[in-house]
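Geometric and topological summary
Take a look at the letters that make up each chain.
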Amino acid sequence: SPASKGKGPSKVQTPPNNKNNQLTNIEGQPLQTKTLEPREAQPSPESLKRDAQSDKVPESRVNIRLSGYIGISPMLISYTVAMPTDMLTGADVLWMDNGVPVSHGISGKRTLVESGSHKIEVLVITRDNREFRDQKTITVLERLPLDK
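Here we summarise the structure given alongside this text. (Residues numbered from 1 in each chain as written. Predicted model: local features only at pLDDT ≥ 70, side-chain atom pairs only at ≥ 80, totals over all residues. Heavy atoms only, no water.)

A few words now on the overall build of the chain. In terms of regular secondary structure, the chain is built from 2 helices and 8 strands. In the chain, the succession of helices and strands from N to C terminus is α-β-β-β-α-β-β-β-β-β. Looking at the chain as a whole, 24% of its 148 residues qualify as buried. By sequence separation, contacts in the chain at least 24 residues apart represent 55% of the contacts at least 6 residues apart. Carbon together with sulfur atoms contributes 52% to the accessible area of the chain, which is approximately 12000 Å² in total. (Helix = DSSP H or I, 4+ residues; strand = E, 2+ residues; numbered from the N terminus. Buried < 20%, exposed > 50% of the residue type's maximum accessible area, 1.4 Å probe, protein only. Contact = heavy atoms within 4.5 Å. Areas by Shrake-Rupley, 256 points an atom, 1.4 Å probe, with all protein chains shown as cover.)

One ladder, built from 4 bridges, connects strand β4 (residues 92-97) with strand β5 (residues 100-104); its direction is antiparallel. What sits directly across from L94, in β5, is H104. Hairpin remark: β4 followed by β5, antiparallel, with 2 residues in the connecting loop; positive phi at N98, about 50 degrees. (Pairing = 2+ DSSP bridges.)

With that settled, the discussion passes to a nonpolar patch on the surface. On the surface, a nonpolar cluster with roughly 280 Å² of combined accessible area is contributed by I70, I72 and L141. Of note, L141 is situated in strand β8 (residues 131-141). Taking relative accessible area as the criterion, L141 reaches 40% and is therefore assigned partly exposed. (Patch = residues over 30% accessible without salt bridge, like charges linked within 9 Å, V, L, I, M, F, W, Y side chains within 5 Å. Salt bridge = Lys/Arg side-chain N within 4 Å of Asp/Glu carboxyl O.)

What follows is the structure, given as structure tokens:
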């Protein structure tokens, strides 16, 4: 057994000046501790102000989420539209790359082969005919030839 070989669990010894297991500083002097009483969380003035203005915020708008913004050709990207589910239900979604329609649906994937800037746009038309748009730019770099 490990104990018979002298490799048993080590014993932690309390320093002579700390027999009551008090917290001490490096010189062995007792630390002054204070018990904190729990208190109820209070909102900050900034959050109260933001909450008061939240009723004045215009309708939610569409937001594009992309898997990347810069890469080397060929670059595989995935995209999705972020907006409240109730607004997306029954909506028409059109995705465009530099103004050219590329897909329909809430999300998708595309391989960008052509180097340069790609303006990825989404147009969402809700079931009550409201239009929402967003766009992001992706930069695709040309792959350099390997040294020979």
